Amino acid sequence: MKAVRIYAYGGPEVLAYEDVLVPAIAEDDVLIRVHAAAINPVDWKVREGYLQGFIDYDLPLTLGWDVSGVVEAIGKNVTTFKPGDEVYSRPDIKRDGAYAEYIAVKASEVAFKPKTVDHIHAAAVPLAGITAWHCLFEAAGLTAGQRVLIHAAAGGVGSYAVQFARWKGAHVIGTASARNQDFLFQLGADEIIDYQTTQFEDVVEPVDVVFDTVGGEVQKRSWQVVKPGGILVSVVSPPSEEKAAAHQCRSAYVFIQPRADWLSEIAQLMDAGQVKPIVETVLPLSQAVEAHKLSQSGHTRGKIVLQVSTA
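Since we're looking at a predicted model, the values are computed, not measured. (Residues numbered from 1 in each chain as written. Predicted model: local features only at pLDDT ≥ 70, side-chain atom pairs only at ≥ 80, totals over all residues. Heavy atoms only, no water.)

> If you had to explain the sheet that holds strand E10 (residues 171-176) to someone new, which residues and values would you point to?
With parallel pairing, the six strands of this open sheet are ordered in space as E11-E10-E9-E12-E13-E14. In this open sheet, the two edge strands, each paired with only one partner strand, are strand E11 (191-194) and strand E14 (250-253). In this sheet, neighbouring strand axes are inclined to one another by 15° on average, regardless of whether the strands run parallel or antiparallel. Bridge count between strand E9 (residues 147-150) and E10: four bridges; the pairing is parallel. Looking across to E10, one finds that Val-148 is bridged to Val-172. Helix-sheet contacts for helix H3 (residues 126-139) involve E9, strand E12 (207-212), strand E13 (226-234) and E14, and the interaxial angle to E12 is about 150°. Each of E9, E10 and E12 touches helix H4 (residues 156-168); the most contacted strand, E9, lies at about 170° to it. (Pairing = 2+ DSSP bridges. Helix = DSSP H or I, 4+ residues; strand = E, 2+ residues; numbered from the N terminus. Axes fitted to C-alpha atoms, helices over the stretch in contact; angles between N-to-C directions. Contact = heavy atoms within 4.5 Å.)

Now the structure itself:
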């Protein structure tokens, strides 16, 4: 099969498009024929070696941990799925990923694909969708009537967070560039702040939840708008416990794990028309280098997806 692998850490040029063996499956695995794999920042962070010491990979490594495809084969312990089932997954990041024509995934990490979207759009959901779901509902406990500030609201994670928060009945505030304001209002945002012209802390009334997908100075400034008893939750860097205590609020840092149960709930929302995946760019697997460069630019709306199979 064709796959994109790295033999050493480095820039986009280390991505090698080549022939490799189809992966063997364990007793609890399913073998998925990959139709599409989405790009996420964690892909190029792994590629550049940022996760060394946190996850020790054996190279060469196939990247990509967002997949939609069709079950090709199942391990002897698998009863939930059968060959021919359309599925999607955020697989275990410690294993070879989905920049390939086939991927082996634990059946417990797999959910049935939403029926109302194609594989390209389904592949854009798992990692970003689970991240937004975990941060808003598991970590922050967001409920109807609360106010939430979502940074980088037009991004891959942010665009799901806006939709989930709106579905839950929260008042949704997002930071984004001016070009994305109409787009975010269509997704359900109540207020949009143009971060290029306005300091959000100067205009945002106190919120119950800040969802930080940016980090750095944005995270530091966010303490100014969290209500006492509220929470700042980040997927970029652990927020300061000292600052949380000083502002009489909570903090949380989330590094997500595969959750097929949440993917099943998200699929139901998508099939009900409550949530839609946003795909800005589709490239063939052979152009993974270009996809990484585009992702690292930091200015994409929604997701970048690699199309692997059209069969």
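> I'd like a description of a nonpolar patch on the surface, backed by residues and values.
The grouping of Phe-54, Tyr-253 and Phe-255 at the surface amounts to a nonpolar patch, some 310 Å² of accessible area in total. Structurally, Phe-255 can be placed in the loop between E14 and helix H9 (260-271). Looking at Phe-255, the relative accessible area reads 31%, which means it is partly exposed. (Patch = residues over 30% accessible without salt bridge, like charges linked within 9 Å, V, L, I, M, F, W, Y side chains within 5 Å. Areas by Shrake-Rupley, 256 points an atom, 1.4 Å probe, with all protein chains shown as cover. Salt bridge = Lys/Arg side-chain N within 4 Å of Asp/Glu carboxyl O. Buried < 20%, exposed > 50% of the residue type's maximum accessible area, 1.4 Å probe, protein only.)

> Could you give an account of the pattern of salt bridges, with specific residues and numbers?
Evaluation of the coordinates by the stated rule reveals 15 salt bridges. In this structure, the salt-bridge partner of Asp-208 is Lys-227, at a minimum N-O distance of 3.6 Å. In this pair, Asp-208 sits in strand E12 while Lys-227 sits in strand E13, placing the two residues 19 residues apart along the sequence. Lys-227 gets classed as partly exposed once you look at its relative accessible area, which sits at 29%.

> Help me get a handle on the layout of surface pockets, residues and values and all.
Its boundaries defined by the atoms lining it, the largest pocket holds a volume of some 1,400 Å³. Looking at the largest pocket, it is lined by 48 residues, and the ones nearest its centre are Pro-41, Ala-152, Thr-213, Val-214 and Val-236. Counting residues per element, the ones that place at least two in the lining of the largest pocket are helix H1 (41-47), H3, H4, E10, helix H7 (216-222), helix H10 (288-296) and strand E16 (303-307). The element contributing the most residues to the lining of the largest pocket is H1, with four residues. Among the residues forming the lining of the largest pocket, the class breakdown is 25 nonpolar, 17 polar and six charged. In this model, the second largest pocket occupies a volume close to 200 Å³. Looking at the second largest pocket, it is lined by 14 residues, and the ones nearest its centre are Met-1, Leu-21, Pro-23, Thr-62 and Asp-96. The leading source of residues in the lining of the second largest pocket is strand E7 (residues 102-106), at three residues. Residue composition of the lining of the second largest pocket, by class: nine nonpolar, two polar and three charged. (1 Å grid on protein atoms, 1.4 Å probe; cavity = no way out; pocket = protein on both sides within 12 Å on 5 of 7 lines; lining within 4 Å. Points joined across faces, edges and corners; volume = space filled by probe spheres on them. Nonpolar A, V, L, I, M, F, W, Y, C, P; charged D, E, K, R; others polar.)

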